[in-house]
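# Summary of structural features
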Amino acid sequence: MRVLHSGKGPCCDGSDAKRVDDAEWDTREGHYRVRIDGEWVEVPNEAVVDGPNRAGHTMVLPYYLDGHPKARCFMPGSMG
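This write-up is about the structure you can find in this document. (Residues numbered from 1 in each chain as written. Predicted model: local features only at pLDDT ≥ 70, side-chain atom pairs only at ≥ 80, totals over all residues. Heavy atoms only, no water.)

This part covers the sheet that holds strand β5 (residues 31-36). The strands that make up a sheet are held in pairs by hydrogen bonds between backbone atoms, and each pair lies either parallel or antiparallel. Read across the open sheet, the 3 strands follow the order β4-β5-β6; overall the sheet is antiparallel. What marks the edges here is a single partner per strand, and that holds for β4 (25-28) and β6 (39-42). On average, each strand axis in the sheet is inclined to that of its neighbour by 30°, with strand direction left out of account. Here 4 bridges tie β5 to β6, and the two strands are oriented antiparallel to one another. Bridge pairing in β6 places I36 opposite E39. (Pairing = 2+ DSSP bridges. Helix = DSSP H or I, 4+ residues; strand = E, 2+ residues; numbered from the N terminus. Axes fitted to C-alpha atoms, helices over the stretch in contact; angles between N-to-C directions.)

Here we take up the pairing of strand β7 (residues 58-65). Strand residues, when the strand is regular, have side chains that alternate between the two faces of the sheet. Sheet topology note: the strand β3 (residues 18-20)/β7 ladder contains 3 bridges and is antiparallel. In the strand pairing of β7, V20 is matched with T58. Looking at chain direction, β7 and strand β8 (residues 68-75) are connected through 7 bridges and run antiparallel. Bridge assignment links M59 to a residue of β8, and that residue is M75.

Here it is, written out as structure tokens:
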């Protein structure tokens, strides 16, 4: 199984990532943002996974800090 990497280090093999619908992510002021558990989260540039998205759909690997979701890894999809 292939482990994904972002600038934050190894992410996962994709099995613990959440699939994100097109309506739950976008770009704002040149950065990605994603809705995790109903909360909009800014995606740090270093959390974006380099390379092609072979899954085709948007994926995020969240973690929680002080009860709020953050993006550890993010793979944008096609928004199509």
